[in-house]
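Listed below are the residues making up each chain.
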Amino acid sequence: MNLNPDPLLTELRKALRKGLAGVEARGDLHGAPVTDGASGPTRPVLDALHAADFERPVSAGGLGLGLTAGVLVSEELGRAARGNSYRADALAAELGHPAGAALAGLETLPAGDRVTATPVPGGWELTGTATVDDPAAARVLVAVRTGDGPVLVAVERGAAGVDVDDTCWPPAVRLDRTPVSAAHVAGPLDDSPTGPLSRARLRQAGYLLGIAAGAHRTAVEYAGFRRQFGTRLRDLPAVSFPLARALVAVRATRAAVYRGAWLADSEPEAVGTAPAAALAMAAETARDVVRLSMQSCGVRAMTAELGLHRYYRLAAAESARYGDPAALWRAVGADRVRAARRNRAAAGFPA
């Protein structure tokens, strides 16, 4: 893995930060902290940079920048505490599905089956409740398990039994015996190391990494000028040491996330469980670092002055949107145990 930043990606990061700085943030202390989805306010910035072409292969008319560019886009959206208008279109494009749909139900994939698919003649009936990233979308790609494994099923917002609740955070879609056929299946979501689900997990890991980094940056800047007991907060060991440990956690998470993206781009046969491990690590880091940042800034973290409350609410919702970290770690551990048993058997030792 080349540890030197690609100059092109460095310039891309600068352009994203400049563009996102001009996107108005929602300063509300209650309700949803961002306006999400394909029609969100970050969409013009991404369209101006042609973000849809970043991961598309050169042979298909794209720029061929690989998954690393997609992770970088998600990280900068999280760092700015803006909605992620990129991840749904990127996943849909990999499945050959048109852009503009919302994603729902990905939190259930590692272990649960919150949305059930009951077989009926010609297809299935979907029943259950799942989180959705854009309550205003006309189509929702719902992750469900069928007899052939997990798939994404396209459901029209006006279909029978569909009800989207946008009064809660995160918003939810409720399905009551909603009929779908095999023609509605957008694509499979298996656990293959370089499949669409693994790549989507790495983009979400980048988004969580950005949320942690943005909250930490805000806390460090505030602690740098806020004075208490005759000195800056940042000079007090009780404040500076935890912030330093949080910085180490953020940098370690960044290494894990970008290593996973680099493996997917350069050595797909060696990816293994790196995407799941990176997502679980990024989710835990976001929760811990955002909580510490809130504590470091005291009561002002709860006001619109610093905007840390947006990171707090984002971390609470986004850290489990693509699966509970504990379930992801269990999947990673089970894979390591299976690999150890295979190696032991191959070495000729008793299993």
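Relevant structure appears above.
Residues numbered from 1 in each chain as written. Predicted model: local features only at pLDDT ≥ 70, side-chain atom pairs only at ≥ 80, totals over all residues. Heavy atoms only, no water.

Caption draft 1: Region of the structure containing the packing of helix α1 (residues 7-21) against helix α3 (residues 66-79). Look at α1 against α3: their axes get within 10 Å of each other, and the N-to-C directions meet at 30 degrees. Between α1 and α3, the angle falls in the class roughly parallel. The two elements α1 and α3 meet at a crossing, and its hand is right-handed. The residues of α3 that touch α1, namely those facing Leu9, Leu12, Arg13, Leu16, Arg17 and Leu20, are Thr68, Ala69, Leu72, Val73, Glu75, Glu76, Leu77 and Arg79. Residue composition of the contact of α1 with α3, by class: eight nonpolar, one polar and five charged. (Axes fitted to C-alpha atoms, helices over the stretch in contact; angles between N-to-C directions. Helix = DSSP H or I, 4+ residues; strand = E, 2+ residues; numbered from the N terminus. Parallel < 35°, antiparallel > 145°, perpendicular 65-115°, else oblique. Left-handed = near helix turned anticlockwise from the far one by under 90°. Contact = heavy atoms within 4.5 Å. Nonpolar A, V, L, I, M, F, W, Y, C, P; charged D, E, K, R; others polar.)

Caption draft 2: A look at the pairing of strand β4 (residues 139-146). Most of β4 sits out of view: seven of its eight residues are buried. Pairing of strand β1 (residues 102-104) with β4, which is carried by three bridges, proceeds in the parallel orientation. Each residue of the ladder has a partner; that of Ala102, found in β4, is Val140. (Buried < 20%, exposed > 50% of the residue type's maximum accessible area, 1.4 Å probe, protein only. Pairing = 2+ DSSP bridges.)

Caption draft 3: Here's a closer look at the packing of aromatic side chains. Evaluated as defined, the whole model comprises one aromatic pair. Seen in terms of ring centroids, Tyr222 and Phe225 are 5.4 Å apart; in terms of plane orientation they differ by 85 degrees. Their pairing is edge-to-face. Residue Tyr222 and its partner Phe225 are both found in helix α5 (residues 196-225); the two are separated by three residues, about one turn of the helix. For Tyr222, a relative accessible area of 4% translates into the label buried. Note on Phe225: relative accessible area 55%, which makes it exposed. (Phe/Tyr/Trp six-rings, centres within 6.5 Å; stacked < 30°, edge-to-face > 60°.)

Caption draft 4: Geometry of unusual backbone geometry. Pro170 follows Trp169 through a cis peptide bond whose omega is -5 degrees. Structurally, Pro170 can be placed in the loop between β6 (162-165) and β7 (172-181). Positive phi, close to 60 degrees, is recorded for His50, a residue that is not glycine. By the element assignment, His50 lies in the loop between α2 (43-48) and α3. A positive phi angle, close to 55 degrees, is found at Ala81, a residue other than glycine. Tracing the backbone through its elements, the reader meets Ala81 in the loop between α3 and α4 (87-94).

Caption draft 5: Structural context of the nonpolar core. Residues Leu103, Leu106, Leu141, Leu152, Ile211 and Leu308 are the most contacted members of the largest nonpolar core, which totals 82 residues. When residues no more than four places from it in sequence are discounted, the contact partners of Leu141 are Ala92, His97, Ala101, Ala102, Leu103, Ala104, Leu152, Val153, Ala154 and Ala186. In this structure, Ala104, Ala137, Val142 and Val155 belong to the second largest nonpolar core, which totals 20 residues. (Core = buried A, V, L, I, M, F, W, Y, C linked by side-chain atoms within 4.5 Å.)

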